[in-house]
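Summary of structural features
Listed below are the residues making up each chain.
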Amino acid sequence: MTESLRDARPGATPSSIDYVAFAQSPRFLELKRRRNRFVIPLAVFFLVWYFGFVLVAAYAPAVMAIQVVGSVNLGLVLGLGQFVTTFAITMWYVSFSNKTLDPMGAALRAELEKMEQK
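Calculation notes
- Residues numbered from 1 in each chain as written.
- Predicted model: local features only at pLDDT ≥ 70, side-chain atom pairs only at ≥ 80, totals over all residues.
- Heavy atoms only, no water.
- Helix = DSSP H or I, 4+ residues; strand = E, 2+ residues; numbered from the N terminus.
- Contact = heavy atoms within 4.5 Å.
- Areas by Shrake-Rupley, 256 points an atom, 1.4 Å probe, with all protein chains shown as cover.
- Phe/Tyr/Trp six-rings, centres within 6.5 Å; stacked < 30°, edge-to-face > 60°.
- Buried < 20%, exposed > 50% of the residue type's maximum accessible area, 1.4 Å probe, protein only.
- Patch = residues over 30% accessible without salt bridge, like charges linked within 9 Å, V, L, I, M, F, W, Y side chains within 5 Å.
- Salt bridge = Lys/Arg side-chain N within 4 Å of Asp/Glu carboxyl O.
- Expected span 1.5 Å × (residues − 1).
- Bend = angle between axes of the 7 residues up to and from the residue.
- Polar contact = N/O pair within 3.5 Å; in protein donor to acceptor, adjacent residues only side chain to side chain.
- Core = buried A, V, L, I, M, F, W, Y, C linked by side-chain atoms within 4.5 Å.

The number of helices and strands found in the protein chain is four helices and two strands. Seen in sequence order, the protein chain has helices and strands lined up from the N terminus as α-α-α-β-β-α. For the protein chain, the share of sequence-separated contacts (at least 6 apart) that also reach a separation of at least 24 residues comes to 58%. For the protein chain, the exposed surface amounts to about 8,800 Å²; the carbon and sulfur share of it is 69%.

In C-alpha cells form, the structure reads like this:
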C-alpha cells in the first residue's frame, strides 16, 4: 500500500514507499518492542506507586502522619518521593532513548530516505 495523494503533505510528491509494510519490518518491530519493554513496566510501576500513595493518603491518614524526623511525616517524604521518581524515570528514559532507541530510529529513517530517493 502506497501513500495516497490525500495523505500527502501539500506540495509533496506521492511516495512510493509502502509504509504499512515498513511498519511490519523486523527492524521497526524490534524498535517498538524495545521501547515497549522499557516503557510499559515503568509506567505500570509508576501508576501503582502513584495510586498507592493517593489511596494511603485517602484511606490511611494515620500512616501518612507517622513522624519520620522532627515535624517531617511519612506523607511528606512519600509525596516528595513522587517528584524524585518522576524525574528519575524521565532521566532514565532519556538515557535509554539516546543510547538505544535513537540510533535504531536514525538507521530506520536513513533506510526510508534511501527508499524515497529510488
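Right, let's get into the packing of aromatic side chains. All chains considered together, the criterion is met by six aromatic pairs. A centroid spacing of 6.3 Å and a plane angle of 50° characterise the contact between Phe22 and Phe28, whose relative ring orientation is tilted. Note on Phe28: relative accessible area 24%, which makes it partly exposed. Relative to Trp92, the ring of Phe38 lies with its centre 5.1 Å away and its plane at 80°, an arrangement referred to as edge-to-face. Taken together, the positions of Phe38 in helix H2 (residues 26–59) and Trp92 in helix H4 (residues 74–117) put the pair 54 residues apart, joining distant regions of the chain. On the accessibility criterion, Phe38 (11% relative accessible area) is buried.

Together, Val68, Val69, Val72, Leu76, Val77, Leu80, Phe83 and Phe87 make up an exposed nonpolar region whose accessible area comes to about 740 Å². Contributions of two or more residues to the nonpolar patch are made by strand E1 (67–69) and H4. In terms of residue count, the dominant contributor to the nonpolar patch is H4 (five residues). The partly exposed category is assigned to Val77, whose relative accessible area is 37%.

Right, let's talk about H4 for a bit. Residues spaced three or four apart along an α-helix face the same direction, because each turn holds 3.6 residues. Compared with an ideal rise of 1.5 Å per residue, which puts 44 residues at 64 Å, H4 spans 60 Å between its outermost C-alpha atoms and is within 8% of the ideal. Its axis deflected by about 45° at Ser97, H4 carries its strongest bend there. Within H4, the full set of buried residues consists of Gly75, Gly79, Gly81, Gln82, Ile89, Phe96, Ser97, Thr100, Leu101, Met104, Gly105 and Leu108. A side-chain oxygen of the first residue of H4 lies 3.3 Å from the backbone nitrogen of Gly75; this N-cap is Asn73.

Looking now at the environment of Gly79. For Gly79, the position within the fold is in helix H4. By relative accessible area, which is 16% here, Gly79 ends up buried. In this structure the C-alpha to C-alpha distance between Gly79 and Ala57, which are 22 residues apart in sequence, comes to 9.7 Å.

Let us now look at the nonpolar core. The tendency in soluble globular proteins is for nonpolar side chains to be buried as a group. Core analysis: the biggest nonpolar cluster contains nine residues, these being Phe22, Leu31, Phe38, Leu42, Ile89, Phe96, Leu101, Met104 and Leu108. Residue assignment for this core shows that the elements contributing at least two residues are H2 and H4. Per-element accounting of this core gives the leading share, five residues, to H4. Among residues more than four places away in sequence, those in contact with Leu108 are Phe22, Arg27, Phe28 and Leu31.

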